[in-house]
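Results of the structural survey
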Amino acid sequence: MSSLLSIKNLGVNFDTARGSLEAVHGVDIEIPAGTSVGVVGESGSGKTVMCRAAMGLLQGSNVKRSGTVIFDGHELTAMSKEEVRNLFGSGMAMIFQDPMTALNPVRRIGSQLSEGLRVRLEMSKKDAMVRSKELLELVRIPNPTAVLNSFPYQLSGGMRQRVMIAIAIACNPKLLFADEPTTALDVTVQAQILQLLRELREDLKMSMVLVTHDLGVVAGNTDYVAVMYAGEVVEYAPTTKLFADMRMPYTEALLESIPKVDHKSGTRLAVIAGRLPNPTDRGAGCSFAPRCKYAQEKCHKEHPELKKDPDGHLYRCWYPIGVAL
Amino acid sequence: MFKFGFWLQRVAQLLIVLLLVTFGVSMLLRLIPVDLATILLPVASEEERVMLRAELGFDKGPIGYYLQWLGNFVQGDFGKIYFSGGTENVSDHLKQAMPRSLLLMVYTQVLALAIAIPLGVLSAYRAGRRSDKVISNTLFTLSSIPNFAIALLLIIFIGVKFAWLPTLGYVPIAEGYWEHLKHMIMPVISLSVGLIATYTRLLRADMIAALREDYVTMAASKGLSDQRILWRHVLRPSSVTLMTSAALSMGGLIGGAIVIESIFATYGVGFEVFAAIAGRQYIAMQSTVAVIALFYVFFNLVVDIGTGFVDPRTRDRRVNA
Ligand SMILES: Nc1ncnc2c1ncn2[C@@H]1O[C@H](COP(=O)(O)OP(=O)(O)O)[C@@H](O)[C@H]1O
Ligand code: SF4
Ligand SMILES: [Mg+2]
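This one's a predicted model, so the numbers in the text were calculated from it and none came from an experiment. What you see as residue numbers is a count from 1 along each chain, following the sequence as written. To label them, take the chains in the order written and letter them from A, then take the ligands in the order written and number them from 1. Local features in this predicted model are restricted to residues whose pLDDT is 70 or higher, and side-chain atom pairs enter the listing and the counts only when it is 80 or higher, whereas totals over whole chains, interfaces and linings include all residues. Side-chain metrics rest on all non-hydrogen atoms present in the structure, leaving aside hydrogens and water.

Thoughts on the overall build of chain A
Helix numbering and strand numbering both begin at the N terminus, where a helix is a DSSP run of H or I of at least 4 residues and a strand a DSSP run of E of at least 2. The helix and strand tally for chain A stands at 12 helices and 12 strands. As defined in this context, the radius of gyration uses C-alpha atoms, and a globule is described by 2.2 Å times the residue total to the power 0.38. Against the 2.2 N^0.38 benchmark of 20 Å for 325 residues, chain A shows a C-alpha radius of gyration of 20 Å, consistent with a compact globule. Overall, chain A is about 65 × 50 × 45 Å in size when its C-alpha atoms are taken along their principal axes. Nonlocal contacts in chain A, meaning residues at least 24 apart in sequence, comprise 63% of its contacts between residues at least 6 apart. Each accessible area is a Shrake-Rupley result for a 1.4 Å probe, and residues are judged covered by the shown protein chains and nothing else. For chain A, the exposed area adds up to about 14,100 Å²; of that, 52% sits on carbon and sulfur atoms. The charge count includes Lys and Arg as positive and Asp and Glu as negative, but it does not include His or the ends of the chains. The atoms used to mark charge sites are NZ of Lys, CZ of Arg, CG of Asp and CD of Glu. Considering chain A, the positive charge centre built from 37 side chains and the negative charge centre built from 35 side chains are found 5 Å apart. By the convention used here, residues are in contact when the closest approach between their heavy atoms is within 4.5 Å.

This is the structure:
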């Protein structure tokens, strides 16, 4: 199976006042064409940085990226910023966690939506507006003409997220990075947005990277799952396999931390005792060791290598669940 | 979307500010422990002074005096400037001084903004890098030179040594635009330098904050060029502080360019205030200060309207205001 996106040994460091912060380290992910891959992990585990680094969207003199990213035959990490930019919109696109902050507050929806069409597809102003209206209909916005003339602050959260999806799919991308697209939304709206993404993915034959901190979201919406912890992918498997036969103690802890349905907390925030390690100083051993109930002496001393089951299931653990040692 | 109630309220607020300012100046005047009539008419007879007191309302209480002055002011009677032997109307002085000050202000603002906006955008875009440091340090150094020193340097080199530009006086536009401009260039540069530094710093800070926003990454992920993102997506939401600062300095330039107006003998409104104080022409001072306050308030209102266009969120807040 050919990969649409192939990430090899991706690393991202930020120079900060407190020293070098290693946000992403040694990430390997293959995203086969036509699939949806979930990326799960607690807040701060490096999901956003990983996606933005893959697309080349991290700006600033304090960002150091290493490794290789190949998208649709293009080695992004060897291309200039301008060359990579030519793949945005029609190749890769991204939707963001908070649709309030990700839409420009001072520009009308119509101009933000038609902009990509005009710049990337070189449409005329009129054609772009007509297409923009179609796109709003495509994301099931009931009154597209009014919305085109609105400012983001005049719309509800769910509407804004639909607008953002419309902007992202405007130029028919092959791969959509959806960075926690439902985290900022009400539970009922979350389900609608996920449903919309599922349908669009099918209609547009689009692959997707679905980032979330909620294993529940991953379940019905992805073919593969990458579990991230402290900047690393610690487990990677087909979604059904992961739920049925997980290897990582961290994945298990994530799953156990999903609140019961009757637990009326609104959002489902994963809570695991303890905290993520300090990203400017990750000790020598397994980064999960201080919180892991299976941890043994070796875990504190040696960083676990990436291991691969015969079926391709990847994990990083000295004492994986369900494997006889 | 014109929120009538909001603007009515805003105008009322500004009118109250105007009344308070003019009343304050009026009270200060009456607090001076001297006889104003004697100061205005030093060599006149007592009868003439009694007449002046009655004419100007000095014989009334402070509030009566203020109301009389205000009544005259709103009808365009700004009072007189008294000489030994004659008077001139303050309004005639202002009629001559106001276009000079307004033009000086407009040129200064245009020059300052035309330079500060690109510099601010560039230094925010290159924040922390060489070009940013060069811009920041240069502007910091320049802004620490007082504007009269810049004026003197310009006069010494451009005016005297190379004799490129005239060093003194004002030429109305009617007598030739180029001649007019030649007289304005050096005063305008002297006044702009400090403003350029301030404006660049404000815009840079707001742009750096805006560049961290998700909508910038979003715009980048649409495949837009950095240029387009900076000018079309980041500049506008970052310019509200700059606009407010510009409004304040517009008022300041109308009434506060005393030193520069004196050095270059362009004699605008600032100089009128100075002359009124130096010549103890208190009525002239009171009316001129009131006119300057009027301009402050007017520019404030203009910027209020302007920010509504630049940032629609401020318009929304007004609905609930
Ligand atoms: N621009 C940045 N500069 C410095 N540190 C950053 C920056 N962006 C993210 N980080 C750090 O990188 C780590 C991973 O963050 P992020 O990818 O946003 O996590 P997630 O999306 O999984 O919640 C965090 O420790 C965060 O503080
Ligand atoms: S390596 Fe050890 S500490 Fe790390 S997850 Fe596995 S068992 Fe737990
Ligand atoms: Mg995130």
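After that view, the rundown keeps rolling.
Observations concerning the site of ligand 2
Near residues are defined by distance, with any heavy atom within 4 Å of the molecule or strand qualifying the residue. Around ligand 2, the surrounding shell consists of A:Pro249, A:Cys286, A:Phe288, A:Ala289, A:Cys292, A:Tyr294, A:Ala295, A:Cys299, A:Cys317, A:Trp318 and A:Tyr319. Each residue gets one label: Ala, Val, Leu, Ile, Met, Phe, Trp, Tyr, Cys and Pro are nonpolar, Asp, Glu, Lys and Arg are charged, and the others, such as Gly, are polar. Grouping the amino acids of the shell around ligand 2 by side-chain chemistry returns 11 nonpolar, no polar and no charged.

Some points on the packing of helix α13 (residues 269–278) of chain B against helix α14 (residues 282–310) of chain B
Residue and element names in this part refer to chain B. Comment: axis = line fitted to C-alpha atoms, over the contacting stretch for helices; angle = value between 0 and 180 degrees taken between N-to-C directions. Interhelical geometry of α13 versus α14 gives an angle of 155° and a closest axis separation of 9 Å. Classified by the interaxial angle, the pair formed by α13 and α14 is roughly antiparallel. Viewed along their axes, α13 and α14 form a crossing whose handedness is left-handed. For the pair α13 and α14, contact is made by Val269, Glu272, Val273, Ala276 and Ile277 and by Ala284, Met285, Thr288 and Ile292, respectively. Oblique is the label for any angle not covered by the other classes, which are roughly parallel (under 35 degrees), roughly antiparallel (over 145) and roughly perpendicular (65 to 115). Crossings are sorted by hand: turned counterclockwise from the far helix by less than a right angle, the near helix makes the crossing left-handed, and turned clockwise it makes it right-handed.

Quick look at the interface of chain A and chain B
Each partner contributes to the interface: chain A provides 30 residues, whereas chain B provides 26 residues. Summing both partners gives a buried area of about 2,500 Å² for chain A against chain B, and 57% of it is carried by carbon and sulfur. Broken down residue by residue, the surface that chain A buries against chain B is led by A:Val106, A:Glu115 and A:Tyr153, which jointly contribute 23%. Should a side-chain nitrogen of Lys or Arg be within 4 Å of a carboxyl oxygen of Asp or Glu, the pair is scored as a salt bridge. Linking chain A to chain B there are five salt bridges. Here a polar contact is taken to be a pair of N or O atoms separated by no more than 3.5 Å, where protein atoms must pair a possible hydrogen donor with a possible acceptor and residues adjacent in sequence count only if both atoms sit in side chains. At the junction of chain A with chain B, the criterion picks out 13 residue pairs in polar contact (both at pLDDT 80 or more). Contributions of two or more residues to the side of chain A that touches chain B are made by α1 (47–55), α2 (81–85), β6 (92–95), α3 (99–102), α4 (109–120) and α7 (157–169) of chain A. Per-class residue counts for the side of chain A that touches chain B are 15 nonpolar, nine polar and six charged. Summed over both partners, the accessible area (1.4 Å probe) lost when two parts come together is defined as the buried area.

Here's the deal with the environment of B:Asn89
Residue and element names in this part refer to chain B. Looking at the element boundaries, Asn89 is found in strand β2 (residues 86–89). The spacing of Asn89 and Ile208 is 119 residues in sequence and 51 Å in space, taken between C-alpha atoms. Once residues lying within four places of it in the same chain are set aside, the contact partners of Asn89 are Gly79 and Lys80.

Section: unusual backbone geometry
Residues other than glycine seldom take positive phi values, yet A:Asp72 does so here, at roughly 50°. Considering the arrangement of structural elements, one finds A:Asp72 in the loop between β4 (63–71) and β5 (74–75). Given a relative accessible area of 33%, A:Asp72 falls into the partly exposed group. Even without glycine at this site, B:Tyr267 takes up a positive phi of about 40°. Relative to the helices and strands, B:Tyr267 resides in the loop between α12 (258–263) and α13. Between buried and exposed lies partly exposed: a residue is buried under 20% and exposed over 50% of the maximum accessible area for its type, with that area taken using a 1.4 Å probe on protein chains only.

Quick notes on the site of ligand 1
Residues and elements named next belong to chain A. Near ligand 1 the following residues occur: Phe14, Leu21, Ala23, Glu42, Ser43, Gly44, Ser45, Gly46, Lys47, Thr48, Val49 and Pro279. Measuring from an oxygen atom of ligand 1, one finds a backbone N or O atom of Gly44 at 2.6 Å. In this structure, Val49 approaches ligand 1 through a main-chain N or O atom, which is 2.9 Å from an oxygen atom. The protein chains hide 66% of the 560 Å² of surface that ligand 1 would expose on its own. Every element with two or more residues in the shell around ligand 1 is listed here: β2 (19–32) and α1. In terms of residue count, α1 provides more of the shell around ligand 1 than any other element does, three residues in total.

Remarks on the sheet that holds strand β11 (residues 307–308) of chain A
Residues and elements named next belong to chain A. Pairing between strands is defined by DSSP: at least two bridges between them are needed. Strand order in this open sheet of eight strands is β6-β7-β8-β3-β9-β10-β12-β11, and the pairing throughout is mixed. Each edge of the open sheet carries a strand with a single partner, namely β6 and β11. Running over the sheet, α7 touches β6 and β7 (175–179) and is turned about 170° from β6.

Description of the side chain of A:Asp309
Residue and element names in this part refer to chain A. In this fold, Asp309 is placed in the loop between β11 and β12 (314–315). Within the structure, Asp309 has its side chain in polar contact with the side chain of Arg247 (distance 2.9 Å). A distance of 3.1 Å separates a polar atom in the side chain of Asp309 from a polar atom in the side chain of Tyr315. In this structure, Asp309 is in contact with Lys241, Arg247 and Tyr315, ignoring residues within four places of it in sequence.

Things to note about helix α3 (residues 46–56) of chain B
Residue and element names in this part refer to chain B. For α3, the full list of buried residues reads Arg49, Leu52, Arg53 and Leu56. Within α3, the buried residues cover an arc of 100° as seen down the axis, which keeps them to one side. Facing away from the buried side of α3, by more than 90 degrees, are the exposed residues Glu47 and Met51. Buried positions along α3 lie against α2 (36–40), α4 (62–74), β1 (80–83) and α14. Taken from the residues just after α3, Gly57 is the one with a positive phi, measuring 85°. Comment: arc refers to directions from the helix axis out to C-beta atoms.

Regarding the domain arrangement of chain A
All names here are of chain A. What the domain assignment lists for chain A is domain 1 (3–91 + 171–243 + 306–315) and domain 2 (105–169). Measuring from the centre of the C-alpha atoms in domain 1 to the corresponding centre in domain 2 gives 25 Å. Among the residues domain 1 hides against domain 2, the three largest losses belong to Cys171, Leu196 and Leu200. Together they make up 38% of the total. Along the contact surface separating domain 1 from domain 2 lie one salt bridge. Notably, a salt bridge pairs Glu199 with Arg140, separated by 2.2 Å at the nearest N-O pair. An automatic or database domain assignment is the source of the domain bounds shown.

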